[in-house]
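In case you want the letters, here they are:
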Amino acid sequence: MKRFKRQPEAAALSREEALNCVPVKSRHIHEERMPSGDALIAYPQQLRPLPRFLLRRLGKKPPAMPPRKLQLDNLGTDVWNLIDDRRSVRRIVKRFAEIHRLPRREAELSVTRFLRELGKRGLVAMKRT
Amino acid sequence: MDRRNIDWNGIHFQVPRDWEITRIDRRYLVLESVGAPQMEVKWHAIRGPFRRARYYKRLSDACGASGRFEPMDLPNAWRSALADFTAAAFTWQKGKLQSRGVVLHCRTCRKVCLVQFFGTLAARTDDVARQILATFRDHAEDSVRDWSVFDIRARLPRPYVLKHFCFEAGRYELVWQHKRRMLTLMRWGPAAALLDGRKLAAFAARQLGIAEHRWQPAGGASAKTALQWRRPATRMAVWQLFPAPVRVQAARIWHRPAENRILAAVFKDCKAIEQDDLDTICGSYEAL
């Protein structure tokens, strides 16, 4: 029954620690620019866990999947452009608030929510400093 | 020190400019500065007399076994600032978080407010607390009530009661009601990114559901950046015999390029809205 034992959860980051993290773009993505200047990101698509497991059990290789594409709007593109593998989330929030003249708290909410979405799709990872 | 007003549901006080609201409810506010909680305010109206011991017990119970709650004498620095209230001071500690606060009872409006300041009790913190308490008011003296939170400010007639509010990143919406009239104030930002070269009328049509061609310039100095729609008057007298439904009677939307915001006011009622009412409310609603 050890196999089904629940893995210990990683310690959650505090807000301060999360803001000090540096978002890093995935190396497996391909970035294009639309005529409007918006970013179009192509990222590899993985087979879902269950079919992948079944194929592996049958001794077959998972088929190559076409890449997924994500088109960012102008605000998303601004945040994407600010990710340079060096700037922390806090600095991105500050710059984003300056560009759009937003209150810092509002900018923080929008940027962190957007980064979370990018993280779920595997487009960025967070580096702890 | 640079300060700004907080006006929310009848409560008014001034805080340092770098303090931001992080939690808000109808009768509850938490303010933070640089990620650390600074102040909490909650309030409610009571019917009977104010009993200090009862509030101490309630706070002590809320503190739980792991925390420590102790009544204390009202500090002299706060006493003069709170002359209009019956006040009961306390200290509170739970884990690393500690606070010093006061329960206030106003004899005029019969509200009880709990105000507490978090953090170390250094001289500077104490001075900030004293200054905030000196500006604290729990009811308005005149017939209008100010509303000032985040980066918006409005002044509404006192009978308007807050029904609903929503503060999302990029979009705020507040709804008040007075009799059958519903007033909705909205704010969007950043305007440059949301409009992105499109017309304000197109944005208004998408957000407020009033067709693009129905919007007219609002007139006055802001004619270029303000649009208005009013429901045309009913011509057929026979319809006036039936009770009129509550529906959108007037709306105004305007763009504030300097603040990079779009503001809007929507009036729902069963009868037409006077132009003066529209002008007064929209004139007092602004982005900071």
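Whatever comes next refers back to the structure up there.
Residues numbered from 1 in each chain as written. Chains lettered and ligands numbered in written order. Predicted model: local features only at pLDDT ≥ 70, side-chain atom pairs only at ≥ 80, totals over all residues. Heavy atoms only, no water.

**Student:** Before we go on, may I ask you to explain the pattern of salt bridges in this structure?
**Tutor:** All told, the structure shown has 27 salt bridges over all chains when counted by the stated rule. Of the charged contacts in the structure, one is a salt bridge between B:Arg181 and B:Asp277, with a shortest N-O distance of 3.2 Å. Of the two residues, B:Arg181 is situated in strand E14 (residues 181-188) and B:Asp277 in helix H6 (residues 275-284); the sequence distance between them amounts to 96 residues. Look at the salt bridges and you will find they share partners, linking A:Arg15, A:Arg104, A:Arg105, A:Glu108, B:Glu20 and B:Glu32 into a network. (Salt bridge = Lys/Arg side-chain N within 4 Å of Asp/Glu carboxyl O. Helix = DSSP H or I, 4+ residues; strand = E, 2+ residues; numbered from the N terminus.)

**Student:** Honestly, helix H5 (residues 200-208) of chain B in this entry has me stumped. Any pointers?
**Tutor:** Owing to its 3.6 residues per turn, the α-helix aligns residues three or four sequence positions apart on the same side. Residue and element names in this part refer to chain B. Taken together, the buried positions of H5 are occupied by Leu200, Ala201, Ala202, Phe203, Ala204 and Leu208. On its buried side, H5 packs onto E14, helix H4 (191-195), strand E16 (226-230), strand E17 (247-256) and strand E18 (261-269). In the segment just after H5, Gly209 is the residue with positive phi, at about 75 degrees. (Buried < 20%, exposed > 50% of the residue type's maximum accessible area, 1.4 Å probe, protein only. Contact = heavy atoms within 4.5 Å.)

**Student:** What exactly am I supposed to notice about the sheet that holds strand E3 (residues 39-43) of chain A here?
**Tutor:** Sheet strands associate in pairs through backbone hydrogen bonding, adopting either a parallel or an antiparallel arrangement. Residues and elements named next belong to chain A. The strand order across the open sheet formed by three strands is E2-E3-E4, and the pairing between neighbours is antiparallel. Edge positions in the sheet fall to strand E2 (30-33) and strand E4 (68-71), since each of these pairs with one other strand and no more. Each adjacent strand pair in this sheet contributes to an overall mean axis angle of 20 degrees, direction not counted. In this structure, E2 lies alongside E3, joined through four bridges in antiparallel fashion. Paired with Glu31 across the strands is Ile41, a residue of E3. The strands that helix H3 (residues 74-82) touches are E2 and E3; relative to E2, the one it contacts most, it runs at about 130 degrees. (Pairing = 2+ DSSP bridges. Axes fitted to C-alpha atoms, helices over the stretch in contact; angles between N-to-C directions.)

**Student:** Hey, could you run me through the packing of H3(A) against helix H4 (residues 89-100) of chain A in this one?
**Tutor:** Residue and element names in this part refer to chain A. Between H3 and H4, whose axes approach to 10 Å, the crossing angle comes to 135 degrees. Comparing their axes, H4 and H3 come out oblique. Crossing hand, H3 versus H4: right-handed. Of the residues in H4, those touching H3 at Leu75, Asp78, Val79 and Leu82 are Ile92, Arg95, Phe96, Ile99 and His100. Considered class by class, the residues forming the contact of H3 with H4 number six nonpolar, one polar and two charged. (Parallel < 35°, antiparallel > 145°, perpendicular 65-115°, else oblique. Left-handed = near helix turned anticlockwise from the far one by under 90°. Nonpolar A, V, L, I, M, F, W, Y, C, P; charged D, E, K, R; others polar.)

**Student:** Sorry, what's going on with the interface of chain B and chain A here?
**Tutor:** It is common to report an interface's size as the accessible area lost on association of the parts. Contacts between the two partners involve 22 residues from chain B, matched on the other side by 13 residues from chain A. In this assembly, chain B packs against chain A so that about 1300 Å² is buried in total across both faces, 45% of it on carbon and sulfur atoms. Per-residue buried area on chain B facing chain A is highest for B:Glu20, B:Ala169 and B:Pro190; these three make up 35% of the total on that side. If you look at where chain B meets chain A, you find three salt bridges. B:Glu32 is the salt-bridge partner of A:Arg15, the closest N and O atoms lying 3.1 Å from each other. Taken together, the links from chain B to chain A amount to ten residue pairs in polar contact (both at pLDDT 80 or more). Of all elements in the fold, only strand E3 (20-25) and strand E13 (171-178) of chain B reach the threshold of two or more residues within the side of chain B that touches chain A. (Buried area = accessible area lost by both parts, 1.4 Å probe. Polar contact = N/O pair within 3.5 Å; in protein donor to acceptor, adjacent residues only side chain to side chain.)

**Student:** Explanation requested: the sheet that holds strand E4 (residues 28-33) of chain B in the structure shown.
**Tutor:** Residues and elements named next belong to chain B. If you walk across this open sheet you meet the seven strands as E3-E4-E5-E9-E8-E7-E6, and the pairing is antiparallel. Taken across any chain shown, the strands that pair with only one partner, and hence form the sheet edges, are E3 and strand E6 (68-72). In this sheet, neighbouring strand axes are inclined to one another by 20 degrees on average, regardless of whether the strands run parallel or antiparallel. Bridge analysis of strand E7 (residues 85-94) against strand E8 (residues 97-106) gives ten bridges, and the strand direction is antiparallel. Note that in E8 the partner of Thr91 across the bridge is Arg100.

**Student:** Please explain a nonpolar patch on the surface as it appears in this structure.
**Tutor:** Among the surface-exposed residues, A:Leu50, A:Phe53 and A:Leu54 lie close enough to one another that they form a single nonpolar patch of about 300 Å² accessible area. By the element assignment, A:Phe53 lies in helix H2 (residues 49-57). (Patch = residues over 30% accessible without salt bridge, like charges linked within 9 Å, V, L, I, M, F, W, Y side chains within 5 Å. Areas by Shrake-Rupley, 256 points an atom, 1.4 Å probe, with all protein chains shown as cover.)

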